[in-house]
Number of protein chains: 2
Amino acid sequence: MLKSFIPVEPDSHFPIQNLPYGIFRPLEGGKPRVGVAIGEYVLDLSVVEGAGLLKDTGLPDETIFAKPSLNEFMALGKDVWKNVRAKLQHLLREDETTLRDQTELRTAAIRKQSEVELLLPAQIGDYTDFYASKEHAMNVGTMFRGKENALMPNWTHLPVGYHGRSSSVVISGTDIYRPKGQMKPKDADKPLFGSSQQLDIELEMGWFIGPGNERGKPISAASAEEQIFGLVLVNDWSARDIQAWEYQPLGPFLSKSFATSISPWVVPLEALEPFRTEGPKQDPAPLAYLQKEGPSTFDIHLEVYLKGKEMDRSQKIITTNFSYLYWSMAQQIAHHTVAGCNLRPGDLLASGTISGENKHERGCLLELTWRGSEPIELDNGEQRVWLKDEDEITMTGWCQGDGYRIGFGEVTGRILPVVD
Amino acid sequence: MLKSFIPVEPDSHFPIQNLPYGIFRPLEGGKPRVGVAIGEYVLDLSVVEGAGLLKDTGLPDETIFAKPSLNEFMALGKDVWKNVRAKLQHLLREDETTLRDQTELRTAAIRKQSEVELLLPAQIGDYTDFYASKEHAMNVGTMFRGKENALMPNWTHLPVGYHGRSSSVVISGTDIYRPKGQMKPKDADKPLFGSSQQLDIELEMGWFIGPGNERGKPISAASAEEQIFGLVLVNDWSARDIQAWEYQPLGPFLSKSFATSISPWVVPLEALEPFRTEGPKQDPAPLAYLQKEGPSTFDIHLEVYLKGKEMDRSQKIITTNFSYLYWSMAQQIAHHTVAGCNLRPGDLLASGTISGENKHERGCLLELTWRGSEPIELDNGEQRVWLKDEDEITMTGWCQGDGYRIGFGEVTGRILPVVD
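Quantities reported herein were computed from a predicted structural model and do not represent experimental measurements.

**Re the interface of chain B and chain A**
Then comes step 1: Listed as interface residues are 60 residues of chain B and, on the opposing side, 60 residues of chain A.
Then comes step 2: Overall, the association of chain B and chain A removes approximately 5,600 Å² of surface from exposure, summing both partners, and the carbon and sulfur fraction of that is 61%.
Then comes step 3: Where chain B meets chain A, there are four salt bridges.
Then comes step 4: Ionic pairing is found between Asp-126 of chain A and Arg-165 of chain B, a salt bridge with its closest N-O pair at 3.4 Å.
Then comes step 5: Across the chain B-chain A interface, the total number found is 28 residue pairs in polar contact (both at pLDDT 80 or more).

Have a look at this one:
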């Protein structure tokens, strides 16, 4: 098995097989730049590039890794990504001396992750959220419309999606303000204004778009994976009471746009290849523009933890898997562009809540507590239906290899107490 | 009445009282930069700024008008906008010699609009579309759900809105590809794929956001107008057959995201002040966060023209008014931010289709032809229900003053024939 000269524990999310990209700023000062995670360290690609170690990869002559976002690198496409990744894997392997033995270069290029601040990996032009889990759509539909009408007629024919808000996509660790807004409790005869009392999480995964497409030129399902630069964890915070009142007929708006948190390290699609697997069988067969040969999803184990103010440690509340999703990333991209919509480098697409068949696999509190009727029992004797002030939510995920993990790190966020 | 040394016809949209901002590139070559329209000319602000004529306005020391977007100027806020506008109005008045009589400066600074290309005025971070016309919501609701259930219960309590697609906002004159997609005709037992046969327009107005707000810090209705940099015309092209099949439960997606056209000149809110007027009475009274003293809308006359391939001139098909909108711009901004969503400089908000009480005031074909049952009769004997290939749509609008107009120019777009 390929190993790095940098020590990496077997349960680390960031072995040499992963090499996810991120944007960081040294805590000691300096500009934001591109890095890759390796074990507990980050390799500063602006230094590696500056030292001339990334030649013959297809990178442009001007510097691309001293930039404060990955957008320009994302725009270069999969051949360049593949070349750069191969070069980095080579530079970091245990028997390669270039970085390992040149002390000055090594010191400049390799920092502890604990000594850097992680920032948003891209300038996100547009953020799109899908609704690709059948179990999630069934559960939500059953709660709101009854079992017979749970799925809308369109659901099994197309990956339902909608435009999210890109301005409020924030990096892991950012505190979350409890939203205020209009809501209409069942027994009220008119709407009222107040703080959301039904604050929820949504466990999702997102992927950043590479070169993208021109307006009016759709991306085929067969070529769609070439557009995927890499994946992150997504927590699409949701205010269910605001959502229930506002969402008809144009969809969720303020109930989602107050914040969406993402994990900082973008895991390259190539790193996930050993974990490629079949998704659920699709019945009815999708229309031709949504068809693609071969397995189209990945076996990514996902977990969610909650830590309340009164709890001395986090408690796992959800375990699920990315491969449960009914619609694949390729299908979501093909659908998104089929009517002519253009995707741009750095655009973020997300899956929607990822749920499975079992109760502990439900990806949001709405489902997990069945709209509040089945509270979660916490180890310290507390219960949870919706998020309380100062609750901290952490999502994590990884692919389990033989002796190594391809991990996503984590996305975490804490609910700030309301200040009036 | 204030006059410019540049000749301006009484029915021109761009007298010295207007001075809308745009981004242009000389046809002869050169970089995109900021200009203002005056009569049939454009004043190159990068030249005016470079000549030191915009001092003491609060502009930063570095150049701001040689940029390819208005975002940085938008971010500076209303005091700077006011100062710059006053200075420009002074420089352009008929009795002011600085520009008028310095031939070299005047030649460098003033070009014919026919000799420049107009570009998108801002880099749009997020585009939000509302649904603020009661007549439009009533008409659409009546067609789809019957008169009794036409308005959703939330409609009179909050300005319903949703996130649009910013990547496909295009400048006036850009050709529009007829979208393809999934749709399910009434008599079909499963969905089919094809070109949209129900291609529509939506007459809207949009406004660009100035400084914006931080996440978690809402903008009050009282201060919301300070955030409005200026207004443009918007044609939110819509594919009704795709929309009908896709929109539940998360709202319109591909039926809108293939293209949204805007007019190039951004009319400053200050130029509209003489035309401020009361909007419709709101009953029930909105919640406190949506209340604002005084008249909150503007008397803007709006028209839509259609020119088919076989027609030798455009024909007017819609006449309506911005002031018919039920929800004001200030209310839409206050609502947008109340749950904590942040707006950024250059964000675009649009009103949704603007309809009035009378048939000729309906702002889209869906309403105008009552879902196809009342075709439009064209002067050349043709009929229209939905847009045909090569149809060209032009929207225009202005405020009529005494002897002058504050105009928005036009937004135009032509439907390209489908190529397979």
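**Considering the relation of the copies chain B and chain A**
Both copies of the chain are placed relative to one another by a rotation about an axis and a shift along it.
Then comes step 1: The two copies are related by a screw motion: chain B maps onto chain A through a turn of 180° and a shift of 0.0 Å along the axis, at an RMSD of 0.0 Å. On the angle and the small slide along the axis, the relation comes out as a two-fold axis. Among all residues of chain B, the minimum C-alpha distance to the rotation axis is found for Gly-251 of chain B, at 2.1 Å.
Then comes step 2: Both copies present the same face, since 100% of the interface residues in chain B are matched by interface residues at the equivalent positions in chain A.

**As for unusual backbone geometry**
All names here are of chain A.
Then comes step 1: Each neighbour pair has its own omega, and for Asp-283 with Pro-284 the value is 5°, a cis peptide bond.
Then comes step 2: Residue placement: Pro-284 occurs in the loop between strand S18 (276-277) and strand S19 (297-298).
Then comes step 3: Even without glycine at this site, Trp-370 takes up a positive phi of about 45°.
Then comes step 4: Along the chain, the position of Trp-370 falls in the loop between helix H11 (365-368) and strand S23 (376-377).

**Side note on the sheet that holds strand S4 (residues 110-112) of chain B**
Residues and elements named next belong to chain B.
Then comes step 1: Taken in spatial order, the five strands of this open sheet run S4-S3-S2-S1-S5, and their pairing is antiparallel. The sheet is open, and its two edges are formed by S4 and strand S5 (116-119), each paired on a single side. Direction aside, neighbouring strands of the sheet carry axes that sit 45° apart on average.
Then comes step 2: Taken together, the four bridges between strand S1 (residues 21-26) and strand S2 (residues 33-38) define a ladder with antiparallel strand orientation. Each residue of the ladder has a partner; that of Ile-23, found in S2, is Val-34.
Then comes step 3: The strands that helix H3 (residues 78-92) touches are S1, S2 and strand S3 (41-44); relative to S1, the one it contacts most, it runs at about 60°.

**Focus: the pairing of strand S6 (residues 127-130) of chain A**
Regular strands place their side chains on alternate faces of the sheet.
Residue and element names in this part refer to chain A.
Then comes step 1: Side-chain alternation along S6 places Tyr-127 and Asp-129 on one buried face and Thr-128 and Phe-130 on a second face that is also buried.
Then comes step 2: In this sheet, strand S22 (residues 348-350) lies alongside S6 in parallel orientation, the contact comprising three bridges. Of the residues in S22, the one forming a bridge with Thr-128 is Leu-349.
Then comes step 3: Where S6 lies against strand S7 (residues 161-163), three bridges are found, and the strand directions are antiparallel. Paired with Phe-130 across the two strands is Gly-161, which belongs to S7.

**Some thoughts on helix H6 (residues 134-145) of chain A**
Residue and element names in this part refer to chain A.
Then comes step 1: Taking 1.5 Å per residue as the helical rise, H6 with its 12 residues ought to reach 16 Å, and the 15 Å between its terminal C-alpha atoms agrees with that figure.
Then comes step 2: If you check which residues of H6 are buried, you get His-136, Ala-137, Asn-139, Val-140, Gly-141, Thr-142 and Met-143.
Then comes step 3: Looking at the buried residues of H6, the elements they touch are H11.
Then comes step 4: Residue Gly-146 follows H6 closely and has a positive phi angle near 90°.

**Here we look at the sheet that holds strand S21 (residues 315-321) of chain A**
Two orientations exist for strands paired in a sheet by backbone hydrogen bonds: parallel and antiparallel.
Then comes step 1: Pairing is mixed across the open sheet formed by five strands, whose spatial order is S9-S26-S25-S20-S21 (chain A). Each end of this open sheet is capped by a strand with a single partner; those strands are strand S9 (176-177) and S21 of chain A.

**What about the side chain of Gln-182 of chain A?**
Then comes step 1: Topologically, Gln-182 of chain A is positioned in strand S10 (residues 180-183).
Then comes step 2: Reaching out from Gln-182 of chain A, the side chain makes a polar contact with the backbone oxygen of His-157 of chain B at a distance of 2.6 Å.
Then comes step 3: A distance of 3.2 Å separates a polar atom in the side chain of Gln-182 of chain A from a polar atom in the side chain of Tyr-289 of chain B.
Then comes step 4: Sequence-distant contacts of Gln-182 of chain A, that is, excluding residues within four places in its chain, are made with Pro-191, Leu-192, Phe-193, Ile-242 and Trp-245 of chain A together with His-157, Leu-158, Leu-287, Tyr-289 and Leu-290 of chain B.

**Comments concerning the packing of aromatic side chains**
Then comes step 1: Throughout the structure, instances matching the rule amount to 24 aromatic pairs over all chains.
Then comes step 2: With a centroid separation of 5.1 Å and 85° between ring planes, the pair formed by Trp-81 of chain B and Phe-229 of chain B is classed as edge-to-face. Here Trp-81 of chain B, found in helix H3, pairs with Phe-229 of chain B, found in strand S14 (residues 228-235); they are 148 residues apart in sequence, far enough to count as distant. In terms of burial, Trp-81 of chain B and Phe-229 of chain B fall into one category: buried.
Then comes step 3: Taken together, the ring pairs in this structure connect Tyr-21, Phe-65, Phe-73, Trp-81 and Phe-229 of chain A into an aromatic cluster.
Then comes step 4: Between Arg-371 of chain A and the ring centre of Phe-144 of chain A, over which it is positioned, the NZ or CZ distance is 4.0 Å.

**Focus on the UniProt feature "domain: Fumarylacetoacetase-like C-terminal" (unreviewed entry) in chain A**
Then comes step 1: Taking the UniProt record as the reference, the feature "domain: Fumarylacetoacetase-like C-terminal" (unreviewed entry) is found at residues 128-413 of chain A.
Then comes step 2: In residues 128-413 of chain A, the share of helix is 14% and the share of strand is 30%. The end C-alpha atoms are 21 Å apart.

**Describing the pattern of salt bridges**
Residue and element names in this part refer to chain A.
Then comes step 1: For the structure on display, the rule yields 52 salt bridges over all chains.
Then comes step 2: The partner of Asp-175 in a salt bridge is Arg-414, with the nearest N and O atoms 3.5 Å apart. Of this pair, Asp-175 sits in the loop between strand S8 (169-171) and S9 while Arg-414 sits in strand S26 (residues 405-416), and the two are 239 residues apart along the sequence.
Then comes step 3: In this structure Arg-414 comes out as partly exposed when scored by relative accessible area, which is 27%.
Then comes step 4: Ionic contacts of the salt-bridge type, sharing partners, join the residues Asp-200, Glu-202, Asp-236, Arg-240 and Lys-256 into one network.

**Here we look at the UniProt feature "domain: Fumarylacetoacetase N-terminal" (unreviewed entry) in chain A**
Then comes step 1: Taken from the UniProt record, the annotation "domain: Fumarylacetoacetase N-terminal" (unreviewed entry) applies to residues 17-121 of chain A.
Then comes step 2: Annotation note: span residues 17-121 of chain A, helix share 36%, strand share 22%, distance between end C-alpha atoms 20 Å.

**Considerations on the domain arrangement of chain A**
All names here are of chain A.
Then comes step 1: We note that the domain assignment places domain 1 (21-119) and domain 2 (127-416) within chain A.
Then comes step 2: With 19 residues of domain 1 in contact, the opposing surface of domain 2 contributes 17 residues.
Then comes step 3: Across the interface of domain 1 and domain 2, roughly 1,600 Å² is buried in total on both sides, 72% from carbon and sulfur atoms.
Then comes step 4: By the criterion of area lost to domain 2, the three top residues of domain 1 are Tyr-21, Met-74 and Arg-85, representing 38% of everything that side buries.
Then comes step 5: There are two salt bridges connecting domain 1 and domain 2.
Then comes step 6: Taking the shortest distance from any N to any O, the salt bridge between Glu-270 and Lys-82 comes out at 3.6 Å.
Then comes step 7: Inspection of the domain 1/domain 2 interface yields two residue pairs in polar contact (both at pLDDT 80 or more).
Then comes step 8: Counting residues per element, the ones that place at least two in the side of domain 1 that touches domain 2 are strand S1 (21-26), strand S2 (33-38), helix H2 (71-75), helix H3 (78-92) and strand S5 (116-119).
Then comes step 9: Looking at the side of domain 1 that touches domain 2 residue by residue, the classes come out as 11 nonpolar, five polar and three charged.

**Regarding the environment of Leu-53 of chain B**
Residue and element names in this part refer to chain B.
Then comes step 1: Tracing the backbone shows Leu-53 in the loop between helix H1 (45-50) and helix H2 (71-75).
Then comes step 2: For Leu-53, a relative accessible area of 18% corresponds to the buried category.
Then comes step 3: A sequence separation of 316 residues divides Leu-53 from Thr-369, and the C-alpha atoms of the two residues are 53 Å apart.
Then comes step 4: In this structure Leu-53 touches Val-48, Lys-87, Leu-91, Thr-98 and Leu-105, once residues within four positions along its chain are discounted.

**Let's talk about the pairing of S2 of chain A**
Residue and element names in this part refer to chain A.
Then comes step 1: Burial within S2 is extensive, with six of its six residues counted as buried.
Then comes step 2: Side-chain alternation along S2 places Arg-33, Gly-35 and Ala-37 on one buried face and Val-34, Val-36 and Ile-38 on a second face that is also buried.
Then comes step 3: Between S1 and S2, which follow one another and run antiparallel, lie six residues, and Gly-29 among them has a positive phi close to 120°.
Then comes step 4: Of the strand pairs in this sheet, S2 and strand S3 (residues 41-44) are connected by four bridges, and their pairing is antiparallel.

Conventions adopted
- Residues numbered from 1 in each chain as written.
- Chains lettered and ligands numbered in written order.
- Predicted model: local features only at pLDDT ≥ 70, side-chain atom pairs only at ≥ 80, totals over all residues.
- Heavy atoms only, no water.
- Contact = heavy atoms within 4.5 Å.
- Buried area = accessible area lost by both parts, 1.4 Å probe.
- Salt bridge = Lys/Arg side-chain N within 4 Å of Asp/Glu carboxyl O.
- Polar contact = N/O pair within 3.5 Å; in protein donor to acceptor, adjacent residues only side chain to side chain.
- Least-squares fit on C-alpha atoms with pLDDT ≥ 70 in both.
- Helix = DSSP H or I, 4+ residues; strand = E, 2+ residues; numbered from the N terminus.
- Pairing = 2+ DSSP bridges.
- Axes fitted to C-alpha atoms, helices over the stretch in contact; angles between N-to-C directions.
- Buried < 20%, exposed > 50% of the residue type's maximum accessible area, 1.4 Å probe, protein only.
- Expected span 1.5 Å × (residues − 1).
- Phe/Tyr/Trp six-rings, centres within 6.5 Å; stacked < 30°, edge-to-face > 60°.
- Lys NZ or Arg CZ within 6 Å of the ring centre and 35° of its normal.
- UniProt positions renumbered as here; feature names shortened; annotations may be inferred.
- Domains from an automatic or database assignment.
- Nonpolar A, V, L, I, M, F, W, Y, C, P; charged D, E, K, R; others polar.

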